[in-house]
Amino acid sequence: MTLQARDENICSMCAWNSHPRNYLCHLMAVLEKNSLTFVTTSPFLPQRDEYPNSYTAPGNFTRVTEFILTGVSERPDLQIPLFFVFLVIYGLTVAGNLSIITLTSVDPRLQTPMYFFLRYLAVINLGNSTVIAPKMLINFLVNKKITFYYECATQLGVFLVFIVAEVLLLAVMAYDRYVAVCNPLLYMVMVSRRICLLLVSLTHLYSFSTAVVTSSSVFSESYCSSNVINQFFCDTVPLLALSCSDTYFPETVVFIFAATNLIFSLIIVLVSYFNIIFSILSIPSSEGRKKAFSTCASRMMAVTVFYGTLLFMYLQPRTNHSLDTDKMASVFYTLVIPMLNPMIYSLRNKDVKAALKRFLTNSRCSFKSITYSVCK
């Protein structure tokens, strides 16, 4: 049958020849001729949904009920090697941060404000990695990287709690070091235990509020038909790229919160470290200056990478966004930096090394005593 005869055959199904019906028949013929797979909300045309895991809402939008994550790479031959790479990264993150949490909790010599903040930074790094890494590792081993709608919303909310808390806690830690170096006589007054608890509590309260507002605004959007997230976890930028409604409001909310948090925190960090550097330069001993700069440089490098990737991700215009580039930047602040922080902030520290040796010695002695009593 020729295309023209098939078109006429389709239109002959119309029982009356009013104008709208003729237009409808012509549309059916064009769609049939081009063999398109389409989703429509017309009550007359049959629906052939390309996305079976969705439903038609009362507002005639086909809403997705699950998302598909593209992962770090879509190449099948890289899935197993990447699985082992990120498994090692996550294992080191868990081991390093759990070590810091344990040592700063049990060792009486590490009960100072600096180690108090380090313990909470380790908790945040561990939580941030755990929100993302296990699901990411599972997706390396499966063909279809599915995450359900509410699972995605939960992951985004919890991720925002930890990432905002880390941004603010780094500013608090920079202030703590500024007071310790520049005003050592007032240190225990200006950074008392009550003030430490207050700062950490306010940090978590603010991060939770920010996460609720931001994730609610992102998931108040309509996500219809397209459900492939070009990322290895649920994040604001790739999610808003899928929305089929106006994204001006959630984009504004994300930008305002990101700009406020990052710029405010970064100003405190920069001012604190500049004052620390000026104080270090006044040290008469060259050996003392070298040691102080060594400690300060490693911390500033970690802070620079962390803030740099976040500024790159959330404060550039949407028209300049490359989701593939954003994906690589996300690897640093979600997985790599939480792995490096224990080594940068703590395990290079002389007091932490001594505490680790004491902990291992005590654990060995306790194990030997338990073994001896059982054998006896």
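Our structure is the block above this text.
One structure accompanies this document, and this report is about it.

With respect to the overall build of the protein chain
Piece 1. A tally of regular secondary structure across the protein chain gives 12 helices and five strands.
Piece 2. The buried share of the protein chain, reckoned over its 376 residues, is 44%.
Piece 3. Residue pairs in contact within the protein chain that sit at least 24 positions apart in sequence constitute 71% of those at least 6 positions apart.

Concerning the state of the cysteines
Piece 1. Inspection of the entire model under this criterion finds one disulfide.
Piece 2. Each sulfur of the disulfide joining C152 and C234 lies 2.0 Å from the other. Its S-S torsion of about -125° marks the bond between C152 and C234 as left-handed, since a negative value means left-handed. Of this pair, C152 sits in helix α5 (residues 149–182) while C234 sits in the loop between β5 (228–229) and α8 (236–240), placing them 82 residues apart in sequence.

Some points on the sheet that holds strand β3 (residues 66–69)
Piece 1. Spatial strand order, β4-β3-β5: three strands in an open sheet with mixed pairing. Strand pairing shows two members of the sheet lacking a second neighbour, β4 (146–148) and β5, which therefore form its edges.
Piece 2. With three bridges joining them, β3 and β4 adopt antiparallel strand pairing. Bridge pairing links I68 to I146 in β4.
Piece 3. On the sheet, α5 packs against β3, β4 and β5 and is oriented at approximately 85° with respect to β4.

Brief notes about the pattern of salt bridges
Piece 1. The final tally for this structure, using the stated rule, is four salt bridges.
Piece 2. Note that D77 is salt-bridged to R75, the shortest N-O span being 2.8 Å.
Piece 3. By relative accessible area, D77 is classed as partly exposed at 48%.
Piece 4. R358 is the partner of D107 in a salt bridge, and the nearest nitrogen-oxygen pair spans 2.9 Å. Residue D107 is found in the loop between α3 (79–106) and α4 (113–141), and its partner R358 is found in helix α12 (residues 350–375); the two are separated by 251 residues along the sequence.
Piece 5. Taking the relative accessible area as the measure of exposure, D107 reaches 7% and is therefore buried.

Focus on the side chain of T236
Piece 1. Tracing the sequence through the fold places T236 in helix α8.
Piece 2. Looking at T236, the relative accessible area reads 2%, which means it is buried.
Piece 3. Each residue touching T236, except ones within four places of it in the same chain, is listed here: L156, T214, V218, V254 and Y314.

Considerations on the packing of α4 against helix α7 (residues 193–219)
Piece 1. Interaxial distance between α4 and α7 falls to 10 Å at its minimum, and their mutual angle equals 20°. With respect to α7, the axis of α4 lies roughly parallel. Here the hand of the crossing between α4 and α7 comes out right-handed. Between α4 and α7, the contacting residues are P113, F116, F117, Y120 and I124 on the first element and R193, C196, L197, L199, V200 and H204 on the second.
Piece 2. Residues of the contact of α4 with α7, tallied by class, amount to nine nonpolar, one polar and one charged.

Digging into the packing of aromatic side chains
How two aromatic rings sit relative to each other is set out by the distance from centre to centre and by the angle between their planes.
Piece 1. By the definition in use, this model includes 13 aromatic pairs.
Piece 2. A ring pair is formed by Y149 and Y150, whose centres lie 5.2 Å apart and whose planes are at 80°; its orientation type is edge-to-face.
Piece 3. Residue classification places Y149 among the buried positions, given a relative accessible area of 18%.
Piece 4. Aromatic rings pair up to connect F67, Y149, Y150, F219 and Y223 into one cluster.

Side note on the nonpolar core
Piece 1. Within the largest apolar cluster, 90 residues are counted, with the highest numbers of intra-cluster contacts made by F67, F86, L239 and Y333.
Piece 2. Element by element, the count of residues in this core is highest for α5, at 19 residues.

Topic: a nonpolar patch on the surface
Piece 1. A contiguous nonpolar patch, built from I80, F84, L87, I138, L141 and V142 and spanning about 540 Å² of accessible area, is present on the exposed surface.
Piece 2. In terms of residue count, α3 provides more of the nonpolar patch than any other element does, three residues in total.
Piece 3. Its location among the elements puts F84 in helix α3.

Side note on the pairing of β3
Piece 1. Pairing of β3 with β5 involves two bridges; the strand directions are parallel. If you follow L69 over to β5, its bridge partner there is I229.

Thresholds applied
- Residues numbered from 1 in each chain as written.
- Predicted model: local features only at pLDDT ≥ 70, side-chain atom pairs only at ≥ 80, totals over all residues.
- Heavy atoms only, no water.
- Helix = DSSP H or I, 4+ residues; strand = E, 2+ residues; numbered from the N terminus.
- Buried < 20%, exposed > 50% of the residue type's maximum accessible area, 1.4 Å probe, protein only.
- Contact = heavy atoms within 4.5 Å.
- Disulfide = S-S within 2.5 Å.
- Pairing = 2+ DSSP bridges.
- Axes fitted to C-alpha atoms, helices over the stretch in contact; angles between N-to-C directions.
- Salt bridge = Lys/Arg side-chain N within 4 Å of Asp/Glu carboxyl O.
- Parallel < 35°, antiparallel > 145°, perpendicular 65-115°, else oblique.
- Left-handed = near helix turned anticlockwise from the far one by under 90°.
- Nonpolar A, V, L, I, M, F, W, Y, C, P; charged D, E, K, R; others polar.
- Phe/Tyr/Trp six-rings, centres within 6.5 Å; stacked < 30°, edge-to-face > 60°.
- Core = buried A, V, L, I, M, F, W, Y, C linked by side-chain atoms within 4.5 Å.
- Patch = residues over 30% accessible without salt bridge, like charges linked within 9 Å, V, L, I, M, F, W, Y side chains within 5 Å.
- Areas by Shrake-Rupley, 256 points an atom, 1.4 Å probe, with all protein chains shown as cover.

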